[in-house]
Amino acid sequence: MNDKITISKNKRHLLTLLFFVVALLLIAFANGSVNSYIRRILNLCAIYTILGLSMNLVNGFTGLFSLGQAGFMAIGAYAVAIFTIPIEQRVALYYLEPIHPAIAGIQLPFVVAMLLGGMLAAVVAFLIGAPVLRLRGDYLAIATLGFSEIIRIVFTNLQNITNGALGIKSIPSVTSGTLWWTFSVAILTLVFMRLLIKSSYGRAFKAIREDDIAAEAMGINLFRHKVLSFVIGAFFAGIAGGLYAALLGTVDPKQFYFPLTYNFLLIIVLGGMGSFSGTVIGAFLVTAGLEFLRVMDEPLSIGGMAIPLFRPGLRMVVFSICLMLIVLFYNRGIMGDKEFTWEGILGFPKAVKRKFSRGPAKDGGGKV
Amino acid sequence: MSVLYAKNATIRFGGVVAVNDFSFEVNQGEIVALIGPNGAGKTTAFNIITGVYSPTAGDVYFDADNSGNSLKITGLSPDRITKLGMARTFQNIRLFKNLTVLENVLIAKHLRMKSNFLSAAFTFPWARKEERAMQEEALQLLKELKLDSAKDEISSSLPYGMQRRLEIARALATQPRLLLLDEPAAGMNPQETEDLTAFIRSIREKYDLTVFMIEHHMDLVMEISDRIYVLDFGEMIAHGTAEEVQNNPRVMEAYLGVEADA
Amino acid sequence: MDLSILAQHLTNGISFGSLYALIAIGYTMVYGILRLINFAHGDIFMMAAYLTVFGIAFNLPWIVAIILVIGMTALVGVLIEKAAYKPLRDAPKMSVMISAIGVSYLLQNLATYLFTGRPMSFPSLPLLTTPMTIGSVTMLPLTIVTPVTTLLLLGVLLFVINRTKLGMAMRAVSRDYETAKLMGVKINQVISYTFAIGSALAAIGAILWGMKYPQVAPTMGVTPGLKCFIAAVVGGIGNVKGAVLGGFILGMVEILLVAFMPSLSGYRDAFAFVMLIVILLVKPTGLLGEKVTEKV
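Everything numeric in this text was worked out from a predicted model, so none of it was measured. (Residues numbered from 1 in each chain as written. Chains lettered and ligands numbered in written order. Predicted model: local features only at pLDDT ≥ 70, side-chain atom pairs only at ≥ 80, totals over all residues.)

Caption draft 1: Inspection of the overall build of chain B at higher detail. Of the regular secondary structure elements, chain B holds 10 helices and 10 strands. A compact globule built from 262 residues would reach a C-alpha radius of gyration of about 18 Å, and chain B, at 19 Å, matches this within 12%. If you line up chain B on its principal axes, its C-alpha atoms span 70 × 40 × 35 Å. When contacts within chain B are restricted to residue pairs at least 6 apart in sequence, long-range pairs at least 24 apart make up 66% of them. (Helix = DSSP H or I, 4+ residues; strand = E, 2+ residues; numbered from the N terminus. Rg over C-alpha atoms; globule rule 2.2 N^0.38 Å. Contact = placed C-beta atoms within 7 Å.)

Caption draft 2: Focus on the overall build of chain C. The helix and strand inventory of chain C stands at 12 helices and 4 strands. Once the C-alpha set of chain C is aligned to its principal axes, its extents read approximately 60 × 45 × 35 Å. Expressed as a percentage of the 296 residues in chain C, the buried residues total 48%. Counted over contacts in chain C with a minimum sequence separation of 6, partners at least 24 positions apart contribute 77%. (Buried ≥ 20, exposed ≤ 12 C-beta atoms within 10 Å, placed from the backbone.)

Caption draft 3: Highlighting the packing of helix α2 (residues 41-57) of chain C against helix α4 (residues 93-115) of chain C. All names here are of chain C. Where α2 meets α4, the closest approach of the two axes is 9 Å, and the angle between their N-to-C directions is 25°. Considering the angle they form, α2 stands roughly parallel to α4. As α2 runs across α4, the sense of the crossing is left-handed. Across the interface between the two elements, Asp43, Met46, Met47 and Tyr50 of α2 pack against Ser104, Leu107, Gln108, Ala111 and Phe115 of α4. Considering only residue class, the contact of α2 with α4 consists of 6 nonpolar, 2 polar and 1 charged. (Axes fitted to C-alpha atoms, helices over the stretch in contact; angles between N-to-C directions. Parallel < 35°, antiparallel > 145°, perpendicular 65-115°, else oblique. Left-handed = near helix turned anticlockwise from the far one by under 90°. Nonpolar A, V, L, I, M, F, W, Y, C, P; charged D, E, K, R; others polar.)

Caption draft 4: Inspection of the interface of chain A and chain C at higher detail. Opposite the 33 residues of chain A that make contact, chain C presents 31 residues. Mapped by element, the contributors of at least two residues to the side of chain A that touches chain C are α7 (137-157), α13 (259-271) and α15 (314-329) of chain A. Residue contributions to the side of chain A that touches chain C peak at 14 residues, all from α7(A). By residue class, the composition of the side of chain A that touches chain C is 24 nonpolar, 7 polar and 2 charged.

Caption draft 5: Quick look at the sheet that holds strand β5 (residues 71-72) of chain B. Residue and element names in this part refer to chain B. Strand order in the open sheet formed by 4 strands is β2-β1-β4-β5, and the pairing between neighbours is antiparallel. Of all strands in the sheet, those bounded by a partner on one side alone are β2 (16-27) and β5. Seen against the sheet, helix α1 (residues 42-49) touches β1 (2-13), β2 and β4 (57-62) and runs at an angle of roughly 65° to β2. (Pairing = 2+ DSSP bridges.)

Caption draft 6: Spotlight on the pairing of β1(B). Residues and elements named next belong to chain B. In terms of strand pairing, β1 meets β2 through 8 bridges, oriented antiparallel. When the bridges of β2 are listed, Ser2 appears paired with Asn27. In sequence, β1 turns back onto β2 through a hairpin of 2 residues, with Gly14 there showing a positive phi of about 65°. Both β1 and β4 contribute to a ladder of 5 bridges, which runs antiparallel. Residue pairing in the sheet places Tyr5 in a bridge with Tyr61 of β4.

Caption draft 7: The domain arrangement of chain B, seen in detail. Residue and element names in this part refer to chain B. We note that the domain assignment places domain 1 (1-85 + 176-262) and domain 2 (95-173) within chain B. Relative placement of domain 1 and domain 2: their C-alpha centres are 27 Å apart. Contacts between the two partners involve 11 residues from domain 1 and, on the opposite side, 7 residues from domain 2. Sorting elements by how many residues they give to the side of domain 1 that touches domain 2 places helix α2 (residues 78-84) first, with 3 residues. (Domains from an automatic or database assignment.)

Caption draft 8: Region of the structure containing the packing of helix α5 (residues 125-144) of chain B against helix α6 (residues 160-173) of chain B. All names here are of chain B. It is at 10 Å that the axes of α5 and α6 come closest, and there the two elements cross at 140°. Taken together, the axis directions place α5 and α6 in an arrangement best described as oblique. Every pair of crossing elements has a handedness; the one defined by α5 and α6 is right-handed. Taken together, the residues of α6 that come into contact with α5 (itself represented by Ala138, Leu141 and Leu142) are Ala169, Leu172 and Ala173.

Caption draft 9: Structural detail: the sheet that holds strand β9 (residues 227-232) of chain B. Residues and elements named next belong to chain B. The mixed open sheet is built from 6 strands, whose spatial order is β6-β7-β8-β3-β9-β10. Looking at strand neighbours, the two that pair on one side only are β6 (86-88) and β10 (235-240), the edges of this open sheet. Adjacent strand axes in the sheet meet at a mean angle of 15°, parallel and antiparallel pairs treated alike. Bridge analysis of strand β7 (residues 178-182) against strand β8 (residues 210-214) gives 5 bridges, and the strand direction is parallel. For Leu179, the partnering residue across the bridge sits in β8 and is Val211.

Caption draft 10: Expanded view of the nonpolar core. Ranked by size, the top nonpolar core spans 283 residues in total, and within it Val80(A), Ile230(C) and Leu276(C) carry the most contacts. Looking at which element gives the most residues to this core, the answer is helix α12 (residues 222-248) of chain A, with 16 residues. Residues from two domains meet in this core; each of domain 1 (1-85 + 176-262) and domain 2 (95-173) of chain B gives at least three. In contact with Val80(A), not counting residues within four places along its chain, are Phe110(A), Ala113(A), Met114(A), Gly117(A), Ile171(A), Gly242(A), Ala245(A) and Ala246(A). (Core = buried A, V, L, I, M, F, W, Y, C linked by C-beta atoms within 7 Å.)

Caption draft 11: Region of interest: the environment of Tyr213(C). Residue and element names in this part refer to chain C. Considering the arrangement of structural elements, one finds Tyr213 in the loop between α9 (187-212) and β4 (215-216). What makes Tyr213 partly exposed here is the crowd of 14 C-beta atoms within 10 Å. For the pair Tyr213 and Phe122, spaced 91 residues apart in sequence, the C-alpha to C-alpha distance is 7.9 Å.

Caption draft 12: Fine view of the environment of Asn263(A). Here Asn263(A) is to be found in helix α13. In the structure, Asn263(A) is positioned 75 residues away from Leu188(A) in sequence and 22 Å away in space, judged by C-alpha atoms.

Caption draft 13: The arrangement of the pairing of β7(B) in detail. Burial runs high along β7(B): 5 of the 5 residues are buried. With helix α7 (residues 190-206) of chain B bridging β7(B) and the parallel β8(B), this β-α-β connection has right-handed handedness. (Right-handed = clockwise from strand over helix to strand, strands pointing away.)

What follows is the structure, given as structure tokens:
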């Protein structure tokens, strides 16, 4: 019995358009009315969404266990940091060792720097991918982690390019005053990801995840497709890094220590590893959750009695415990591998009704 | 005309010689069977042919375009070989479990796609045309193999017989010249095996195929094969038509482990 | 180059390498049995260091503290396996690895919460940490004790693995998990012992490490943990002798790198990763590892 609803293509397009209009209105409203604290959190949510999407493409959809997002994010962040700071300020910034002459004079508008960051990350991913993507699952994880660390260590040491461990401050915070930068990039990323996955290449990625030997037997060049997925993921991680740098206003290598990648891992596991809709939900939940858990870092007193548990660090302990619980008991995540579709949303009331009306109607006359 | 042939294919895993000096030939339009006791090296031989393993010695040749010129395919990767026109199924079904029936078949069409990922994602006109053609061909194939009613079902939820049929459909979607079937009748009852026999005959007809098949169900093998190769402990011990092989004492000994006249 | 200085560097390298070896063994044993990278292993090492700090702070005699720490760490290792890895034994590989990452993260955050992020000082044992002079070389007794301990423990471990029933069970499980289970090997016991031994060795490594590098912080296990896993891979994952070999190589190379090319010393940590990439490309099964072909 198939009473799933079908919606005509035109109706679907109309609904999607409507959805975008509503979303844009919401963003505009929020942009005008929230204070800077909430704005910062929302901006972070959007940035983490982009990172989650990029990681889900590689890990969740293509089945590659990559732990290298932090490194690619760093590349994008530094690209924006280095190239958007006004030239006059650079001398003062690079006080330990002067900035390398080749880049000293280059100043780029934010968008260009951000895209450059994405491209650079993609190039690095391509170079890394060549040797590393031939490796089996767990080795791939360690190798990508290793490269992420290598990138970070290199950045810590290239004093005349990245200012080393001192980091770079006073980056023009283009994205922090408004929600539009981060949200529009996030929306564009989501749209692109959805389109990519629906295409034949997206199916090829999923095939590799399901059974790479069978995928290869069906004519899919594993290496080329793995690299493609990896590079696209890195590109968006770089873009997100650029937005991040402009949001925070400072970057330094310690921000990109590989446990940062664990945050994104949590996002995609929580949301569901094969679902972009889930990633968006996961990103918002995790980012907002992390913020609101901050209360746990402050001493709490109820009725004048100080509760000894609440002090700095509790937030992260609770966060880690949540991660463990999700991995152990809920590892398909919120959305599993399903996406929000109009058929699903509009069919929801019907599905609920169906569930509740199931169950045998016992007539009273059954005599045994 | 020879579609596929191998000369002295040998493969060694550490100390074990899994396939030893195996030479064979499959001609256009034939259905050739590869039989032998369990562990004889049949799937290993298939893996050599399809590029999963590289042989330690020997070569495999494939006539990809019906030109009479055979290309040496030894050591090529599986996806290259499939692109040349050879497709296979697996002994333990390897469907894309969590994907739908239609998706399984569509994936097998990806190898012919000429558009790059950007064109495909943004549905540029040429890419859209390709995608539409792929969808039509896939649906057509499913219809011909009587799987279209299940096209949106998750492949792992299908009954066993349909899964095997889907695997064959998926292989056919790559538009092969040569189809390698690894134990297509495994786990089937006599009725299903009979249906499969007729099915293989019909697809050979319909898609102008050559078939090389590993099989244990002797009724299927004897019924349908033009020629049979017999492997035992990695070596070919017999080769010929069904009658020739049936009456070969070495074959009987290999299967039953006793002298033929005991 | 002054010979005595070279000798000093070499002995430092061997000593440092044996610390890595002790930790690497834990990784390789767990991977050999479960095909799991125990990301939390480095943090178990860190916990052992903290336990020692507190043990001595409570004025326990050193011998008692050492035994307690080793025992407790072994217990922690076993508990982690039961709580975080056992439930996921049938889940896809990625899930277990994420769980391991989660445990690692949890342990670090727990340590930060309990002990604050500020580094603590590891207690010193004057017996081992007062410098002594042999010939023209000045060194700590610790520098000799460390590799000797490692080699002794390696000997004991190899004996257990090759000559005892438990060891045979371990070898069986790492060779073929399914068959071992069917043959009646008590899988859970074997796994628990594996984690216990690995964690105990990490604890010994932590104690020796702490005496040499007295800074104890919640993240102290992260980088050594990762590097030691790399050492295990280099030596041949699943192979105990390989882990020790890999540990020595890595430790030696790091010390010599800093000694002879001081300008590159900032890249010291990166070196392990470079070595990893190289070995994975050239001989992925590691120096002492054996080739395993996947059945299609």
